[in-house]
Amino acid sequence: MKIRCSIGTAKVLGLKRVKVDALPTTAYLMVGERCHFNCSFCAQARESSSRADLLSRISWPEFERESFLQGLVQPNAKTTLQRICFQVVQDKAALEDTKEWVKAVKSKTQLPICVSAGPRTLEEVTELLELGVEHVSIALDAATPEIYAQSKDGSWLDRFELLSEAAKRFPGHMATHLIVGLGESEEDMVRLLQALYDKGISVALFAFTPIKGTRMEGVKQPEMAHYRRVQVAHDGIQTGLVRADHFRFRDGQIIDFGISIDMLQQRRSGEPFQTSGCTGCNRPYYNETPGEELYNYPKSLTPEEVEAAWAHVRATTDMREGV
Ligand code: SF4
């Protein structure tokens with residue numbers, strides 16, 4: 001049996017000698033190939049003509065089971081990795097394979113394990129958690145059912161209900177992924193973020209990234225200021241510093257976080273702009289082009305990066321009144 005590892009993961013496991021700008025602190029593994037679903041932005045979608053070894057803009061070379069498992073116990077892996085994450089394409093066989101991989105990984109390391117995007121029923125979520133998986137992430141991807149219908153198969157509402165039900169049954173163990181830039185407004189995103197955190201579901205934010213061969217290959221990435229405002233909203237809601245009902249919006253754009261930007265910057269500094277999601281997950285260059293300003297920083301920001309990120313937020317919320 002073989003498994004795909006993100007290129008950065010392969011380097012940490014000693015399986016590839018490549019130069020990377022930042023090492024992943026989570027081992028990212030892909031199980032299955034060519035999804036049953038047909039998401040318009042995904043390289044693994046049923047009708048995508050992208051390379052089979054791509055997910056987002058990362059390449060995922062394949063390795064034999066034994067080399068991969070040996071890689072997990074290398075000194076470099078032991079000092080660098082904080083988590084293992086299985087990204088599972090949407091098909092039943094891949095989920096079954098994932099369970100076998102979870103058992104194999106658990107025999108080599110005590111690191112916490114996530115499974116992302118696999119399960120479709122509460123029973124499947126339960127089976128994964130019973131195997132000792134720490135987080136199960138069911139990707140909503142889109143902020144609203146309407147956006148979901150334009151870009152993905154299946155039903156947003158079914159996924160939201162499954163997440164909600166599972167979060168009630170397994171508090172602290174459910175997570176989701178949201179993609180900024182599929183056509184939603186900031187208000188849509190903020191209201192959903194609040195609803196998810198109120199249910200105890202944690203969120204990892206992604207910036208939409210056009211991939212050649214997908215149906216959305218011609219769509220641009222979100223504007224940085226738009227992404228920064230959503231990051232600040234996400235961080236504020238997650239930490240309880242702000243609530244969605246105290247925000248003000250104009251034409252769907254955040255114009256007031258309900259607390260001053262100076263106060264938010266003072267309290268949170270660069271935190272809102274670091275990769276969000278499970279602890280230890282930094283997804284280096286998942287959505288980013290090396291050399292350009294990063295949507296998600298895989299490590300702490302420099303003081304200059306902190307100022308530049310907040311400058312986006314300040315410049316574009318200057319329509320605020322009386323803040
Ligand atoms: S947040 Fe990171 S570690 Fe957690 S499920 Fe998503 S990609 Fe995996």
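Below: a short report on this structure. As the structure is a computational prediction, the values presented were derived from the model and not from experiment. Here the residue numbers are simple positions, counted from 1 along each chain's written sequence. The predicted nature of this model means local features are confined to residues of pLDDT at least 70 and side-chain atom pairs, given and counted, to a pLDDT of 80 or more, with totals for whole chains, interfaces and linings taken over all residues.

### Quick notes on the sheet that holds strand 8 (residues 135-137)
One open sheet holds the eight strands; their spatial order is 5-1-2-6-7-8-9-10, and the pairing between them is mixed. Of all the strands in the sheet, the pair left with one neighbour each is strand 5 (62-64) and strand 10 (202-207). Taken pair by pair, the neighbouring strands of this sheet meet at an average axis angle of 30°, ignoring direction. By the bridge criterion, three bridges tie strand 7 (residues 113-116) to strand 8 in an arrangement that is parallel. In the strand pairing of strand 8, Val115 is matched with Val136. Each residue is represented by a C-beta atom placed from its backbone, and any two residues with such atoms within 7 Å are regarded as in contact. Helix axes are fitted only over the stretch in contact, all axes being lines through C-alpha atoms; the angle between N-to-C directions runs from 0 to 180 degrees. For helices the rule is a DSSP run of H or I covering at least 4 residues; for strands it is a run of E covering at least 2, with both sets numbered from the N terminus onward. Sheet contacts for helix 4 (residues 92-106): strand 1 (2-5), strand 2 (26-31), strand 6 (83-88) and strand 7; angle to strand 6, the most-contacted strand, approximately 165°. What makes two strands pair is DSSP finding at least two bridges between them.

### Details of the packing of helix 9 (residues 224-239) against helix 11 (residues 303-316)
In the contact formed by helix 9 and helix 11, the axes pass within 9 Å of each other and the chain directions differ by 100°. Here helix 9 lies roughly perpendicular to helix 11, going by the angle between them. The residues of helix 11 that touch helix 9, namely those facing Met224, Ala225, Arg228, Arg229 and Val232, are Ala309, His312, Val313, Ala315 and Thr316. Each residue is assigned to one of three groups, with Ala, Val, Leu, Ile, Met, Phe, Trp, Tyr, Cys and Pro labelled nonpolar, Asp, Glu, Lys and Arg labelled charged, and all others, Gly among them, labelled polar. Residue composition of the contact of helix 9 with helix 11, by class: six nonpolar, two polar and two charged. An angle counts as roughly parallel when it lies under 35 degrees, as roughly antiparallel when it exceeds 145, as roughly perpendicular when it falls between 65 and 115, and as oblique in every other case.

### Let's talk about the nonpolar core
Of all hydrophobic cores here, the largest spans 87 residues; its most connected members are Cys5, Leu13, Ala27, Leu29, Leu178 and Val180. Excluding residues within four positions of it along the chain, Ala27 makes contact with Cys5, Thr9, Val12, Leu13, Leu81, Ile84 and Cys85. Only buried Ala, Val, Leu, Ile, Met, Phe, Trp, Tyr and Cys residues enter a nonpolar core, and they are joined through C-beta atoms within 7 Å. Exposed residues have 12 or fewer other C-beta atoms within 10 Å of their own C-beta, buried residues have 20 or more, and residues in between are partly exposed; the C-beta atoms are placed from the backbone.

### Observations regarding the site of the ligand
Only the C-beta atom matters for nearness: placed from the backbone, it must lie within 6 Å of the molecule or strand for the residue to count as near. The environment of the ligand is formed by 13 residues, the closest being Cys85, Ala204, Gly277, Cys278 and Cys281. Elements supplying a minimum of two residues to the shell around the ligand: strand 6, strand 7, strand 8 and strand 9 (174-180).

### What about the pairing of strand 10?
Across the six residues of strand 10, five count as buried, placing the element largely inside the fold. As defined by bridge partners, strand 9 adjoins strand 10 across six bridges and the pair is classed as parallel. Among the inter-strand pairings, Val180 is bridged to a residue of strand 10, identified as Ala207. Look down the strands so they point away from you; if going from the first strand over the helix to the second traces a clockwise path, that crossover is right-handed. In terms of handedness, the path from strand 9 via helix 8 (residues 186-198) over to strand 10 forms a crossover that is right-handed.

### Regarding the environment of Thr302
The topology assignment puts Thr302 in the loop between helix 10 (261-268) and helix 11. The exposure class of Thr302 is exposed, given the 11 C-beta atoms found within 10 Å. Each C-alpha atom, one on Thr302 and one on Gly270, is 8.2 Å from the other, the two residues being 32 residues apart in sequence.

### A closer look at the packing of helix 8 against helix 9
Helix 9 packs onto helix 8 with a crossing angle of 20° between their chain directions and a minimal axis gap of 10 Å. Taken together, the axes of helix 8 and helix 9 are roughly parallel relative to one another. As helix 8 packs across helix 9, the resulting crossing turns out to be right-handed. Packed against helix 8, whose contacting residues are Glu186, Met189, Val190, Leu193, Gln194 and Tyr197, the element helix 9 presents His226, Arg229, Val230, Ala233, His234, Ile237 and Gln238 at the interface. By convention, the crossing between two helices is left-handed when the near helix turns anticlockwise from the far helix through less than a right angle, and right-handed when the turn is clockwise.

### Observations concerning unusual backbone geometry
Peptide bonds are trans in most cases, and residues, glycine excluded, mostly fall at negative phi. For Asp141, which is not glycine, the phi dihedral falls at a positive 60°. For Arg283, which is not glycine, the phi torsion reads 35° and is therefore positive. With respect to the helices and strands, Arg283 occurs in the loop between helix 10 and helix 11. Arg283 gets classed as buried once you count the C-beta atoms within 10 Å, which come to 24.

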